[in-house]
Amino acid sequence: MTAAAPPSIVILTGAGISRESGLDTFRCAGGIWSQVRLEDVATPDGFRRDPARVHAFYNARRAQLADPAVQPNPAHQALARLEQEYPGEVLLVTQNIDDLHQRAGSQAIIPMHGELRKIRCDACATVLPWDQDCSPQSLCPACGNGGSLRPHVVWFGEMPLEMDRIYAALDDCGLFLSIGTSGTVYPAAGFVSHLSDIGLAHTVELNLTPSDGAGLFDDGLYGPAGEQVPALVDRILRGDIPGW
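Read on for a plain summary of the structure. (Residues numbered from 1 in each chain as written. Predicted model: local features only at pLDDT ≥ 70, side-chain atom pairs only at ≥ 80, totals over all residues. Heavy atoms only, no water.)

**Some remarks on the layout of surface pockets**
Here is the rule we go by: For cavity detection a 1 Å grid was placed over the protein atoms alone, and a set of points counts as a cavity when a 1.4 Å probe fits there but cannot get out; an open set counts as a pocket when protein lies on both sides within 12 Å along at least five of seven lines, with lining residues being those that have an atom within 4 Å of a point. Grid points are joined across faces, edges and corners, and a volume is the space filled by probe spheres set on the points. Secondary structure elements follow DSSP: runs of H or I no shorter than four residues count as helices, runs of E no shorter than two count as strands, and numbering proceeds from the N terminus. Three categories are distinguished: nonpolar for Ala, Val, Leu, Ile, Met, Phe, Trp, Tyr, Cys and Pro, charged for Asp, Glu, Lys and Arg, and polar for the others, with Gly belonging to the last.
Considering only enclosed or pocket space, the second largest pocket measures out at about 190 Å³ in volume. If you trace the second largest pocket, you find it lined by S8, I9, V10, E89, V90, L91, A108, R165, A168, A169 and D172. When contributions to the lining of the second largest pocket are tallied by element, the ones reaching two or more residues are β1 (8–13), β2 (90–94) and α7 (163–172). Here the lining of the second largest pocket is built from residues that sort into seven nonpolar, one polar and three charged.

**Structural notes on empty space enclosed by the protein**
Scanning all chains against the criterion turns up one cavity of 30 Å³ or more. Roughly 30 Å³ of internal volume is contained in the largest cavity. Taken together, L23, R61, Q64, L65, I97, D98 and L116 form the lining of the largest cavity. Taken together, the residues of the lining of the largest cavity sort by class into four nonpolar, one polar and two charged.

**A look at helix α8 (residues 191–198)**
Since there are 3.6 residues in each turn of an α-helix, residues three or four apart along the chain are aligned in direction. For the record, the criterion: Per-residue accessibility, obtained with a 1.4 Å probe over protein chains only, is compared with the maximum for each type, and a residue is labelled buried under 20%, exposed over 50%, and partly exposed between these values. Here the arc refers to the set of directions running from the helix axis out to each C-beta atom.
Taken residue by residue, α8 has F191, V192 and L195 as its buried positions. Looking straight down α8, one finds that the buried residues subtend no more than 95° of arc, so they occupy a single side. Trailing α8 by a residue or two, G199 shows a phi angle of about 75°, which is positive.

**A word on the nonpolar core**
Inclusion rule: Each nonpolar core is a collection of buried residues, namely Ala, Val, Leu, Ile, Met, Phe, Trp, Tyr and Cys, held together in the definition by side-chain atoms within 4.5 Å. Pairs of residues are marked as contacts when any of their non-hydrogen atoms sit within 4.5 Å.
I11, L177, V229 and I236 are the most contacted members of the largest nonpolar core, which has 22 residues in total. Looking at this core, the elements with two or more residues in it are β1, α5 (74–85), β2, β7 (173–179), β8 (202–207) and α9 (225–238). Broken down by element, the residue count for this core peaks at five residues, all from α9. Non-local contacts of L177, meaning those with residues more than four positions away in its chain, are made with V10, I11, L12, V204, L206, L232 and I236. Core analysis: the next-biggest nonpolar cluster, separate from the first, contains 18 residues, V10, I166, A169 and A201 among them.

What follows is the structure, encoded as structure tokens:
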């Protein structure tokens, strides 16, 4: 008789997991996001009004990722280890546009809000790696069109990427971890209520403090991600998850 496959795991991460690596969240007082209006730099309308300003904002954020001080922290590394060592399926869904999960070694990953180190052409729909600055005058390497490049980032009012694949994974998972998220940005904030309606997965929130949706989770673990995530990964790999 063939042994049953271990339950699959879906992990959702938000800005809180990267804060310990030196990247600002939307809510960091004095951080880069607090110095701009989201309507100006994180919406399609803002890009249409002033593409040069939007490109300059994301150029600065892209350059920040190249700072040697910005590195994956123990939470990123622990999730990569979970993917490598867990005998079942592990899917990492991140709201973050940085590349710290990838640099830590995670491979089964869906960046649902896009990727800062990529560019997208509105003329030919090509998505390309992009580490240099971009401007309204930049030419698309694929089609040669000028003025059609934009950050490969999902802005407010746009649909996150690969939602069908994400919900298919949620419907099949046995364990759902939500790490470093505020519980206020949809559709990701609705993942736990979707799982609660199905009633098949054990759900755990890991956060610095309880999120707005903390009451929907089966368990909550609170404190720095760099401490809580590695400890939980150790438990999962030992098979020590109460209620799962």
